[in-house]
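Now for the letters of each chain:
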Amino acid sequence: MKFSQAFIPTLKETPSDADTISLKLMLRAGLVRKLSSGIYEWLPLGLRVLKNVEQIIREEMAQIGGQELLLPAILPKELWEETGRWNLYGKELCRLKDRSGREFCLGPTHEEIITDIVRKDVRSYKQLPLMLYQFQTKFRDEIRPRFGVMRAKEFYMKDAYSFHATEEDAGNYYKIVYGAYSKICERCGFKFRIVEATTGAIGGSFSDEFMVMADTGEEEIVSCVCGYGANVEKAECVRDSSELKVVAVGLPSHDVAVLEEIHTPNLKTVDEVGKFLNEKPEKFIKTIIYLADGKPIMTLVRGDCEINEEKLKGFLKCDELILADAQTVEKITDATVGFAGPVHFRLPTSDFRLIADFSVENITNGVSGANKKDYHLKNINIGRDYKPTEIADIRKIKRGALCPRCKKHELKFSCGIEVGHTFKLGTKYSKAMNATFLDEKGRQNFFIMGCYGIGVSRIVAAAIEQSNDESGIIWNESIAPYKAIIIPISYEGKVKDVSDEIYEKLSQKYDVLLDDRDERAGVKFKDADLLGIPVRITVSEKTLKENKVEIKYRNKNSVNLLAIEKVLDNFF
Ligand SMILES: [Zn+2]
């Protein structure tokens, strides 16, 4: 491509509303333009990168037996109702009606649609395993779209779904996809980490996230030298048995004091009551009441910790978890919000669940609300004063925490950008949608499923986020929009002839840009750096005297001279 004819509208000024370095550079280099909040146009240069990423993914999917298809972006409500996700997905699901009032959504993910295809056309175990995937534009009505194409309302994604006859086969295939995803990250040139993650709105039993490491990343992850890695949402907290003063829900073996009721007028938070009583947050038992699928539950966590709602949701295996409304809290605690505690409350039902986090079981002579307006209790002890129905890991991990695997090292906290997510779905969707096949013995079984997503547009931004400098983007050669840029110092005479010759020769093998514009060399160099083209070939009268051209790699500072005839062989 000749630069003079290419549509590469670069910007000199950094757009002020761009909130990340990748978005700034994508706008400045003319890769994308913003049409509306969270909605972007991909210009030719950006699309080239997107297509390169797509091609790498397509090749790796072919390696593991994936078959490409293309599903509609607009999806009928009925299928989403079969799994209950029409209601559960919440406001991120962009819903709309056609002229006859029929309801649809813009697909954020396609489990229902693919399961519908397979239940109609796959009858026998002999047709399994089956792996289908697509590249498609997805929609997610983000409340606050941000970070450019990384958290946009509309994004381009590869989503894959696999169907298996047995758990074992699904498990083995999960590892194969894991390998393919690792290869995709390697081929894109990423420094990345694979971490355990929560399953969120997709569901299933287990999931892994592929994180591109970047200080600017939105996701926080923990990792350990032993190999353990997890998203903070998922990271397990170690049960501190060394300080365990009680056995499960047994009686405290420690000196315990007499339960005391203290008047704490208008003091509600751990901070306020702590100051008043001169007690540390570690002495407090925070009590939080939730509605899990509409049913009230009570949770307890130490005063210096927080409940991790994703973990709690996973523990309860519920679809919806929300904080209980004031009315529910008042009914259970007999007090206004802020005075809840695990001692003496009104059991709403006999099967009411009181779930204590591991952090609570070691608290001797603790403090909590008294279930009475303006009162707290002192010297609360597990076993004597209250009995949790369950003790579990439901808190957020904190800095300084020990690795839950090796239990030797402190976890390291770092940031990343999630570019891929793999899920073991099991029979979640096949059961809900009654999707079955006949096994060897003629029995009907539900398909065992997995699903696997990669954010293609997000990979482009993540690549920039991980690899840039003050001059611009530094593309990895594998996804660069052009492999090389030829810069004639002035496009005339012998310099022009040699530049054209190199351009013709290289173009047979690579995508190459020839900067034939009537611009100063400085401007051309600046643009080449901004665009991030991996190899710059400068043709000048000076070096032509020796029959050489100047070669500079975008990711290195050094400049080398190379004989013209060698130009073809020496780049990548
Ligand atoms: Zn470890």
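(A) Representation of the overall build of the protein in the model. Looking only at helices and strands, the protein has 14 helices and 31 strands in total. Principal-axis analysis of the C-alpha atoms gives the protein an extent of 95 × 65 × 50 Å. Restricting the contact set of the protein to residue pairs at least 6 apart, pairs at least 24 apart contribute 69%. Total accessible area on the protein is roughly 26,900 Å²; 49% of this is exposed by carbon and sulfur atoms. Positive and negative side-chain charges in the protein, numbering 84 and 86 respectively, have mean positions lying 1 Å apart.

(B) Up close: the sheet that holds strand S15 (residues 295-302). Pairing in this open sheet of five strands is mixed, and the strands run S16-S14-S15-S17-S20 from one edge to the other. In the strand order of this sheet, the two ends are held by strand S16 (321-323) and strand S20 (390-392), each with one partner. Going across the sheet, the axis of each strand differs from the next one's by a mean of 35 degrees, ignoring polarity. Looking at chain direction, S15 and strand S17 (residues 354-357) are connected through three bridges and run parallel.

(C) Representation of the state of the cysteines. Per the stated rule, a full pass over the model turns up zero disulfides. The thiol sulfur of Cys451 is not disulfide-bonded, and the nearest other cysteine sulfur, from Cys105, lies at 16 Å. For Cys451, a relative accessible area of 3% gives the class buried.

(D) Spatial organisation of the coordination of the zinc ion. At the metal site, the zinc ion is ligated by Cys224 (SG), Cys226 (SG), Cys403 (SG) and Cys406 (SG), and these contacts range over 2.2 to 2.3 Å. Angles of 106 to 116 degrees at the metal separate the four donor atoms of the zinc ion, which places the site in the tetrahedral class. Linear spacing of the donor residues for the zinc ion on their chain is C-x1-C-x176-C-x2-C. By relative accessible area, which is 0% here, Cys403 ends up buried. For Cys406, a relative accessible area of 24% corresponds to the partly exposed category.

(E) Molecular detail of the pattern of salt bridges. If you walk through the whole model with that rule in mind, you get 43 salt bridges. For Glu142, the salt bridge is made with Arg151, and the minimal N-O distance between the two is 2.9 Å. According to the relative accessible area criterion, Glu142 is buried, its value standing at 6%. Judged by relative accessible area, Arg151 falls into the buried class, the value being 13%. Across the pair Arg146 and Glu218 runs a salt bridge whose closest N-O atoms are separated by 3.0 Å.

Calculation notes
Residues numbered from 1 in each chain as written. Predicted model: local features only at pLDDT ≥ 70, side-chain atom pairs only at ≥ 80, totals over all residues. Heavy atoms only, no water. Helix = DSSP H or I, 4+ residues; strand = E, 2+ residues; numbered from the N terminus. Contact = heavy atoms within 4.5 Å. Areas by Shrake-Rupley, 256 points an atom, 1.4 Å probe, with all protein chains shown as cover. Lys, Arg positive; Asp, Glu negative; His and termini not counted. Charge placed at Lys NZ, Arg CZ, Asp CG, Glu CD. Pairing = 2+ DSSP bridges. Axes fitted to C-alpha atoms, helices over the stretch in contact; angles between N-to-C directions. Disulfide = S-S within 2.5 Å. Buried < 20%, exposed > 50% of the residue type's maximum accessible area, 1.4 Å probe, protein only. Donors = N, O, S within 2.8 Å, 3.2 Å for Na, K, Ca; no water. Tetrahedral: all angles 85-135°; square planar, octahedral: opposite > 155°, others 65-115°. Salt bridge = Lys/Arg side-chain N within 4 Å of Asp/Glu carboxyl O.

Geometry only, nothing functional implied.
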